[in-house]
Each structure stands twice: as structure tokens, then as C-alpha cells.
Amino acid sequence: MRLESCAVQRVAVAHVAARSSDQGVDAHALGNVLGPRQAVDAQRDLPSINDAPQRLVSLAGRDQIRIQDLTELVFADPALALRLIRVANGSAYGNRDRTDVVQATRALTLLGLEQTRSEARRLVKLEERVPPNRRDMVRDSIGYATFASRFARTLLDTRNPVVSEEGAVCALLANLPEIVFSLHAPHELAALRYVRRHYPNQLEVVNRELIGPSGAEIGAEIVQRWALPRSPLETINRTTGRPTPAVAGRDWLALGVGLSISVTRSLKHAEPNDRANALQKTLRRYSPAMSIDKGRLDALIETVAHEALGLERSLGSGADTAVLSRLLTPHLRRESFEPGYWSSLEKLDATGAISRLKNRSAMISLGARSDDAPLNPVGKPLDGSVRLKGLLEELRDTVQTYLQGERDGEFAQLTNTPYERVRMRIVPLILRGILECLGYDKVVWFEHRPENEDWPPTAAAGVRVDTLQGLARTRIAPKDLFGVVLANGADVHIADCTAPKIAQNMPNWFRVLFPNARSFLLVPVKIAGSPVGFIMADRACTDPMGLTEQELAITRELRDELAALLERFPKQTPVNA
């Protein structure tokens, strides 16, 4: 076994050396970096890879600020999160119960605004600390750590929010050894990645021969030398055992952290088949304890990736340093492959409203998809009204942030119109929220085009909108069901659209676009008495109960919020209105 692992080690090192010798990478053993205590103590902070520290300094200097806004910025940059938590655990900020500070919110409270700004200013940018030929490796390592942290926090927010920030910090610490490897031992890290891909059974032995300490041992040493809290290490250690339902009942924190670590490792695989196989192994490991299946895991990965990418774009990352876009976009579905999606997202996030980037509607979806959520016979969550209230709150917050950006002229340099920004930012939020809060199969926005006398779908949740657009042309006759509903302007729920009296009044395009629909909700949106569009949500089963009065009332409020925006910013609104 030792001879074989030595041979693998030689192959790996030769492979990496051949690829990097022309780049002048100064490789040296990790032991030479971590051995002397002063070597680690001299650089107890990670380099910052975005503008989160500068934004925090600016935000913390305002007269009125919410602690939640600062927390979002802290978790946007691992360097910032770890520094504030390290300082908050120092003797100068000792707390009475002497417990570890493992939440960013608590660290901010202990430090206060002035000290928080001072600590943020001390961080060094990656470009000032790391040579150009090492930056991509360091950025990748920090990028994956950021994803793992947000994954743990988002997952725990939907299941056990009390420990969500602690879970995010645990995920950061679990990824800290690889970041240190990328900073101080790039050759060794590249060799280990090569072995992990081509000789996975030899990884542990080669790691011992090439580096010495294991990742867990390095992590423990870093925590000790950098004066970080030790309790997260105990949580990370508990993630190694096979989780069971019994474990889930008493240790949801470790489960959330373990799943985030496992998923992040799976996403590091270069080949799609390798990623799929790794994620399948993760499902087999965690599904018995967490009631999670492939659909829910895919939705969670997509939600967190979109959230992390939006945060990265809002912090001004350029195309050459957009780490998460490069790492995560290949794993996303639907919008991630539509031309111009990410450039549009970058424009929409120009306000820098970090506190609004956390996608609560997507987090609502995770709760709605849980096997533990009570559902009625057609699959609608019984607490739909509660979920809709959360969506309405998120919508109103988003609208206020957007309107403030329009008033401040933050979109003046953009080429798209205010109407297009509403359609790209506000409409998808409403559609996704209705889909998840009420358990529909698809929710689609149809928009009136008077010049063509049709109503094409322009946004959707649960299906690709371009797929619908390519199936049929959507025309509405005055005497068919849609024509009558739009003329009246009242929302309608159809319990069974296959019933003879209903079916004979359905247009042909409906059968083409929604071949499996048996019941649906139709919500017209009118401005000045004329319909400008409608929202349609369908199920593949009959739905005799429909929506409760409270659910209908909140859905109408969502519709009214959209109508007010569309009336304020009609299609012909100039770009700089």
C-alpha cells in the first residue's frame, strides 16, 4: 500500500509541477508554514476577495442601520466573518457566561459599530497579499467556502433558525484548511485535488505522506493559533458519523453543517457525471434523517447559488474575479442558461441593497417542499396563508428598495427601462412565491401585446418560459373563458377544467401549453380598467377546495402591488424616467 501511494504521490506532484512550473509558483510544504507559531500568527486573517468590508465601513457609519443589514455583509466575505468572530472571542470582549461567540449578530453587538468599522478596515485585499499566479486557486477555495456557509445558513433558517448563523460559521471553519492550503501550499493542494479525482482510494495515505496532518488536524491547529472559537470544531466532528432520524431530533446543527460540506465537495467535481454521483451518495447518506430528496436538494442548491451569485454581483466583482459565477453557474438550471440572465441580475442588484438579497421566498419554498409540512390532498400546504404573508412582506421590502434605487438615480446608466426592471425583478418573485406557498405545478405571467393582439408568456416559475413561448401563440377570444374573466377583471379558480361545460370554452393554446392541467387559478391584472396581463397557476389534479378566503385576499394584495408598479412604470417609460 505504501509503495502504491508513493507512486501515486509522484504522479500527482509531477502532473502539477508540469502544469505550474512555467508560472513560477513558490511551492513548499504546509508544515513549513504552520510549524512555527509566528508564521501563522503573522497572518491570522484571510484576504478579502470583494468589497464587503468597505461596504460594512460605510453602512456602519450611518445614523440609522439595522443589525440584519450588517450581518448580511459579514457573511458575504469569509475574511470579514472570521475576523469579527475572532476579535469578539478575545479577552477584551469576554462575555459573562464565557461561551464561544459563534454568531455574526452577537459579534457585531459585542464589538459595536465603531470597533466593527475599525476591524473591517484592517483586512487586506487579495490582490495586495497574494501573487497573481496563486489568486485563482485562493479565490476558488474562498468561493466554495462562501457557498458552503450560505448553504448551511439557508438550510438551517428553514428548519432551526436559532442556530443558522452558527451553522454558517461552522461551514466556514470546515473549509478553512483548504483556503490555507491554497495560500501557503498551492502545489500540495493541487496534487491532492489530482489524487482525489483520479485515485480517490489513495487520498488519505497520499495526504499523510505529502502534507502530514489531516484536514481536521490542520483545522484544529488553525483554530488554536488564530484564536477562533473551538465549539464549531466539535460540531464539525459530529458530522462524520452516519446520520439517523434519531440524530436529527437532537443534532440538527451538525446535520445542516454536514450536508453543506458534502454538497460543496460534490460541486467541486469537474465532470457532470461525477457531480451527479457524488450528490446521489450525499442523498443516500442524509435522506433518512432529513427527509430530503433529489428535487428538494436541487432546489436548495439552486436557491443558494442564485443568492450567492447575486450577492457577489452586488458587491461589484468584475468579470475576471467573479468567482462564484464561474464555479456555480454550470450546476444551475433554468435561468442560469438563458442568455443575458446574469448580466441582467447584475444590473438589478446595482442598488447594493445587501439586506434584500436574502431570498426569503426561495427559503419559503424549502419549507413548502418539506415532507414534514402538512399538505392537503392536492398537495397545497395547509399554512399557505402564513407563507403568503411572508411573501407579501418580502415583496413590499423589495419594491421599496427598488423604488428607492429609481429615486436615487442608481439605474440611470442602464439601458433597460423601469418597466423591464419591474418585469425582471418583481414578477419572478411573485410567481415563485405563489408556486411554493400554494403548491402549484406552474405559475406563468401572460402579458398583453396590443400591437400583435396576443398574450405571450413572459415569465414563469416551475417551467422554462421559452419552452412555453415556442409551443403556441396565445390569443384570447372575447367569448372563451379567458376573455370573459379578463373582461370582468375578477380572479377565478377552476376546480376541474376537463368538465364538459368548462372544456368547451377553453382555447386551443391552453391545451397545448398546459396539457396536464386539471385545475387552475386565474388572476387578471388591470390598469385603469383595462387588463394588461394575468397570472395563471395550475395543478395536475382536480382541486375542489381551491383557495381559502385569506389566501385569496393575500393573493389579491400581491396582484395589487404588481399593478401599482406597472401603472407607475408603463412599457413606454423612458430609460432615465
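Numbering of residues begins from 1 in every chain and follows the order in which that chain's sequence is written. It should be noted that, the model being predicted, local features are given only for residues of pLDDT at least 70 and side-chain atom pairs only at 80 or more, the latter also being counted only at that level, while totals for whole chains, interfaces and linings use all residues. Values reported for side chains reflect all heavy atoms of the structure, with hydrogen atoms and water molecules removed beforehand.

As for the packing of helix α4 (residues 52–60) against helix α5 (residues 67–74)
When two helices pack together, their arrangement is given by the angle between their axes and by how far apart the axes lie.
Next, step 1: Axis lines are fitted through C-alpha atoms, for helices just across the contact stretch, and the angle between N-to-C directions can take any value from 0 to 180 degrees. Runs of H or I in DSSP of at least four residues are treated as helices and runs of E of at least two as strands, each being numbered from the N terminus. One way to put it is that α4 packs onto α5 with a least axis distance of 9 Å and a crossing angle of 165°. Of the possible angle classes, the one that applies to α4 and α5 is roughly antiparallel. Our pair here, α4 against α5, has a crossing hand that is left-handed. Counted together, Ala-52, Arg-55, Leu-56, Leu-59 and Ala-60 of α4 and Asp-69, Leu-70 and Leu-73 of α5 form the full contact between these two elements.
Next, step 2: The nonpolar class holds Ala, Val, Leu, Ile, Met, Phe, Trp, Tyr, Cys and Pro. Asp, Glu, Lys and Arg form the charged class, and all remaining residues, Gly among them, are polar. Split by residue class, the contact of α4 with α5 holds six nonpolar, no polar and two charged. An angle below 35 degrees is read as roughly parallel, one above 145 as roughly antiparallel, one from 65 to 115 as roughly perpendicular, and any other as oblique. Crossing handedness is read from the near helix: turned anticlockwise from the far helix by less than a right angle, it gives a left-handed crossing, and turned clockwise, a right-handed one. Should any heavy atoms of two residues lie within 4.5 Å, those residues are counted as being in contact.

Remarks on the pattern of salt bridges
Next, step 1: What counts as a salt bridge is simple: a side-chain nitrogen of Lys or Arg found within 4 Å of a carboxyl oxygen of Asp or Glu. Within this structure, the stated rule accounts for 29 salt bridges.
Next, step 2: A salt bridge links Arg-139 to Asp-136, with the nearest nitrogen and oxygen atoms 3.4 Å apart. Highlighted residues: Arg-139 and Asp-136, both in helix α9 (residues 132–159), separated by three residues, approximately one helical turn.
Next, step 3: The class for Arg-139 is buried, based on a relative accessible area of 8%.
Next, step 4: When the shortest N-O distance is used, the salt bridge between Arg-396 and Glu-561 registers 3.0 Å. Within this pair, whereas Arg-396 is found in helix α22 (residues 384–407), its partner Glu-561 is found in helix α28 (residues 549–568), the two being separated by 165 residues in sequence.
Next, step 5: Burial classes follow relative accessibility: with a 1.4 Å probe on protein chains only, a residue under 20% of its type's maximum area counts as buried, one over 50% as exposed, and anything between as partly exposed. We classify Arg-396 as partly exposed; its relative accessible area is 36%.

Some details on the nonpolar core
Next, step 1: The biggest cluster of nonpolar side chains holds 88 residues, and the ones touching the most others in it are Phe-147, Phe-151, Leu-176, Val-263 and Met-290.
Next, step 2: Discounting chain neighbours no more than four positions away, the residues touching Leu-176 are Leu-46, Leu-82, Ile-222, Trp-226 and Leu-228.
Next, step 3: By size, the runner-up hydrophobic cluster in this structure holds 39 residues, among which are Tyr-402, Leu-435, Val-443 and Leu-562. What makes a nonpolar core is a set of buried Ala, Val, Leu, Ile, Met, Phe, Trp, Tyr and Cys residues whose side-chain atoms join them at distances within 4.5 Å.

Considerations on the side chain of Lys-380
Next, step 1: Note that Lys-380 resides in the loop between α21 (360–369) and α22.
Next, step 2: A 3.5 Å cut-off defines polar contacts: any pair of N or O atoms within that distance qualifies, except that in protein one atom must be a possible hydrogen donor and the other a possible acceptor, and neighbouring residues in sequence count only when both atoms are side-chain atoms. Among the polar contacts listed, one links the side chain of Lys-380 to the side chain of Glu-551, at a separation of 3.0 Å.
Next, step 3: With sequence-adjacent residues up to four places away left out, Lys-380 is seen in contact with Pro-374, Leu-375, Leu-438, Arg-539, Gly-546 and Glu-551.

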